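Chain residues, written in single-letter form:
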2 protein chains.
Amino acid sequence: MGEETPKARKPRADQLRNRERLLEAAREVFRGEGGSLEAVARTAGVGIGTLYRHFPTREALFQAVYAREVEGLERRAADEGLADWMRAVLEMMATKRGMVAALAPVFEPDSTFFSEQSQRMRAAIAALHARAVAEGSLRDDVTSDDLMRVMIGLSYGPGADPARAGVLLEVFLDGLRPR
Amino acid sequence: MGEETPKARKPRADQLRNRERLLEAAREVFRGEGGSLEAVARTAGVGIGTLYRHFPTREALFQAVYAREVEGLERRAADEGLADWMRAVLEMMATKRGMVAALAPVFEPDSTFFSEQSQRMRAAIAALHARAVAEGSLRDDVTSDDLMRVMIGLSYGPGADPARAGVLLEVFLDGLRPR
DNA sequence: GAGAAATACGGAGGGTGCCTCCGTATTTCA
DNA sequence: TGAAATACGGAGGCACCCTCCGTATTTCTC
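Residues numbered from 1 in each chain as written. Chains lettered and ligands numbered in written order. Predicted model: local features only at pLDDT ≥ 70, side-chain atom pairs only at ≥ 80, totals over all residues.

(A) Here's a closer look at the packing of helix α6 (residues 82–95) of chain B against helix α10 (residues 162–176) of chain B. Residue and element names in this part refer to chain B. For the pair α6 and α10, the least separation of the axes is 10 Å and the interaxial angle reads 160°. Considering their axes alone, α6 and α10 lie roughly antiparallel with respect to each other. Seen from above, α6 lies across α10 with right-handed handedness. When α6 is examined against α10, the residues Ala83, Met86, Arg87, Leu90 and Ala94 are found in contact with a partner set consisting of Pro162, Ala165, Gly166, Leu169 and Leu173. (Axes fitted to C-alpha atoms, helices over the stretch in contact; angles between N-to-C directions. Helix = DSSP H or I, 4+ residues; strand = E, 2+ residues; numbered from the N terminus. Parallel < 35°, antiparallel > 145°, perpendicular 65-115°, else oblique. Left-handed = near helix turned anticlockwise from the far one by under 90°. Contact = placed C-beta atoms within 7 Å.)

As structure tokens, this is what we get:
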């Protein structure tokens, strides 16, 4: 799955430069709630075509922008408890508005190829879930996908308030204990 | 707030007819997830201008379509317990896909005039909330708005699964008991 | 260093949707 | 039945999505 062609051409310089610019611009434009792809291209000083060549879908761009953070969450999942980890995710969603958009596609029904990021994210949470179940600290009728869904639900959509989301997560965590 | 002008002209016949057609068409078009206003107008066999005259905003249309259901929820809130009521709301959201869209604007930050529907909905849930608090069956750090938010969150956005939403609501309800 | 081949770039263009505005058609009232 | 009031329709301006392809740039080869 790595180098197949013996003769690999060096990637063009403008390619790399533009990719970087796009990521930078996207970070900027997605700060607010709704940012258009055209705005990203404009901000990056790059044609719209270039944007699409680099990032074929909106999600691809989102996930590229937040790749670092997502990876961080993935890593933390390895040695944190379920509750703490969920709190961390929520906080990140509250801080970086775009994280919600980056994480939401984890469940896109089609999601074409279900980006690697998404798969890893799901794996991470599945592991956390399994651990909690094994410990007996989690009721058994809740799936790992459910957990993710809840966090997205708490931060998504109109009227979502990060401040309240924290409280609601605690309520939910209370309910999560085995009956 | 009622009849101010002494000389009230009878509303035109086409007005009423078109309004009816639009509601009918909207019911139809909004069955699926994403329905455009233009599609509604087209289906109704009516100009786009007419649609906007009748329903200045998307929410106005949503809420008009689901007015009956929303009123039903409002009424049930009067003599049902919090838990049962929330289950009913969730079920309705699962059944009628558009209900989510109809209820979500309850929290639109601007919401221009915060439609009467929305206000009544909030009042209803506030009453339920107050009753539950008085009974001591609800932890006191959760607001009535929170409750609404949760129900929307559970049904909103990508990957929302009505079947799972029921389970998650139960988890949440468990967490809702005073500690 | 020059020319060919590979690669990336930009943006025009076609499609959809949102919303406003206003000339025209219909309906009500006197 | 005609004037006044009212509603209608859809063109038009704007934004966004995404594709496609002629042109420009860069890398490689000799």
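The discussion continues.
(B) Highlighting the protein's contact with DNA strand C. Neighbouring residues of DNA strand C: 25 residues in total, closest Asn18(A), Gly47(A), Gly49(A), Thr50(A) and Lys10(B). Counting residues per element, the ones that place at least two in the surface near DNA strand C are α1 (13–29) and α3 (48–54) of chain A together with α1 (13–29), α2 (37–44) and α3 (48–54) of chain B. Per element, the largest residue contribution to the surface near DNA strand C is four residues, and it comes from α3(A). Along the lines of polarity and charge, the residues of the surface near DNA strand C split into eight nonpolar, seven polar and ten charged. (Near = placed C-beta within 6 Å. Nonpolar A, V, L, I, M, F, W, Y, C, P; charged D, E, K, R; others polar.)

(C) Main features of the protein's contact with DNA strand D. Around DNA strand D, the surrounding shell holds 25 residues, and the nearest of these are Ser36(A), Asn18(B), Gly47(B), Gly49(B) and Thr50(B). Contributing elements (two or more residues each) for the surface near DNA strand D: α1, α2 (37–44) and α3 of chain A together with α1 and α3 of chain B. It is α3(B) that contributes the most residues to the surface near DNA strand D, four residues altogether. Its residues assigned to classes, the surface near DNA strand D comprises eight nonpolar, seven polar and ten charged.

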